Amino acid sequence: VQLQASGGGLVQAGDSPRLSCAVSGGTFSSYVMGWFRQAPGKERESVAAITVSGGNTYYADSVKGRFTISRDNAKNTVYLQMNSLKVEDTAVYYCAAAAGVVGEYVPNRPRRYEYWGQGTLVTVSS
C-alpha cells in the first residue's frame with residue numbers, strides 16, 4: 001500500500017490550503033484514514049481521522065473548527081482542508097491508513113495505523 005501526500009508548502013497565517021493523500025495498492029474503501037503532524041522537536045500527533053464511510057470523524061482540539069477531513073472513495077483520496085492557519089500549525093503532515101477497524105470507531109493513535117505516506121511540509125509564516 002502506498003500513500004502519496006501533497007499540497008504542502010510555504011503559506012501565510014490565515015491561509016486555507018488543502019492537503020491531499022492518494023492511496024494505491026490496497027483497498028482504500030476499507031481503511032480508516034488519518035492525518036498526523038510532527039513539528040520540529042515534538043512527537044507526532046493526531047490531527048484528524050475519518051471512518052470508512054465518512055460518517056464519523058475525529059479532530060484534535062487544536063484544529064477543531066479550522067480543519068476538515070474528507071474522503072473520496074471513488075478517487076482513493078483523503079483530504080485535509082486547513083483554514084485559518086496559524087504559525088503553530090507548522091509541521092510535516094503525514095497521512096496514514098488503518099485496516100481492520102470495525103464500525104464507526106475512529107482511532108487517533110499513530111500505532112494503530114499500518115500504512116504511512118512520506119509526509120508533506122507545511123510552513124506557516126506570520
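A brief structural summary.

### A word on the overall build of the chain
Phase 1: When its secondary structure is counted, the chain shows 0 helices and 11 strands.
Phase 2: Secondary structure elements of the chain, listed N to C terminal, follow the sequence β-β-β-β-β-β-β-β-β-β-β.
Phase 3: By the compact-globule yardstick of 14 Å for 126 residues, the chain fits well, its C-alpha radius of gyration being 13 Å.
Phase 4: The dimensions of the chain, computed from C-alpha atoms along their principal axes, are 40 × 25 × 25 Å.
Phase 5: Buried positions account for 42% of the 126 residues belonging to the chain.

### Some remarks on the environment of serine 20
Phase 1: By secondary structure assignment, the location of serine 20 is in strand β3 (residues 18-24).
Phase 2: Sequence separation between serine 20 and leucine 80 is 60 residues; the distance between their C-alpha atoms is 6.5 Å.
Phase 3: Those residues in contact with serine 20, other than ones at most four positions away along the chain, are Gln4, Ala5, Ser6, Trp35, Thr77, Val78 and Tyr79.

### Focus on the state of the cysteines
Working definition: the covalent bond between the sulfur atoms of two cysteines is a disulfide.
Phase 1: Going through the model one piece at a time under the given rule, you end up with 1 disulfide.
Phase 2: Between the sulfur atoms of cysteine 21 and its disulfide partner cysteine 95 the distance amounts to 2.0 Å. Disulfide cysteine 21-cysteine 95: the torsion about the S-S bond is 60°, which places it as right-handed. With cysteine 21 in strand β3 and cysteine 95 in strand β9 (residues 91-98), the pair connects residues that are 74 residues apart, well separated along the chain. As far as the burial class goes, cysteine 21 and cysteine 95 line up, both buried.

### A closer look at the side chain of arginine 37
Phase 1: Mapping arginine 37 onto the fold places it in strand β4 (residues 32-38).
Phase 2: Here arginine 37 falls in the buried class, since its relative accessible area comes to 6%.
Phase 3: In this view, arginine 37 contacts Glu43, Arg44, Glu45, Val47, Ser62, Val63, Phe67, Glu88, Asp89, Ala91, Val92 and Tyr93; residues no more than four positions away in its chain are not counted.

### A look at the pairing of strand β1 (residues 2-6)
Phase 1: A one-sided burial pattern is seen for β1, the buried positions being Leu3 and Ala5 and the unburied ones Gln2, Gln4 and Ser6.
Phase 2: For β1 and β3, the ladder comprises 5 bridges, and the chain directions are antiparallel. Bridge pairing in β3 links leucine 3 to valine 23.

### What to know about the packing of aromatic side chains
The description of an aromatic ring pair rests on the distance of the ring centres and on the angle between the ring planes.
Phase 1: A full pass over the atoms with the stated rule returns 5 aromatic pairs.
Phase 2: A centroid spacing of 6.4 Å and a plane angle of 65° characterise the contact between tyrosine 113 and tryptophan 116, whose relative ring orientation is edge-to-face.
Phase 3: Assessed through its relative accessible area of 4%, tyrosine 113 is described here as buried.
Phase 4: The class of tryptophan 116 is partly exposed, set by a relative accessible area of 26%.

Parameters at a glance
Residues numbered from 1 in each chain as written. Predicted model: local features only at pLDDT ≥ 70, side-chain atom pairs only at ≥ 80, totals over all residues. Heavy atoms only, no water. Helix = DSSP H or I, 4+ residues; strand = E, 2+ residues; numbered from the N terminus. Rg over C-alpha atoms; globule rule 2.2 N^0.38 Å. Buried < 20%, exposed > 50% of the residue type's maximum accessible area, 1.4 Å probe, protein only. Contact = heavy atoms within 4.5 Å. Disulfide = S-S within 2.5 Å. Pairing = 2+ DSSP bridges. Phe/Tyr/Trp six-rings, centres within 6.5 Å; stacked < 30°, edge-to-face > 60°.

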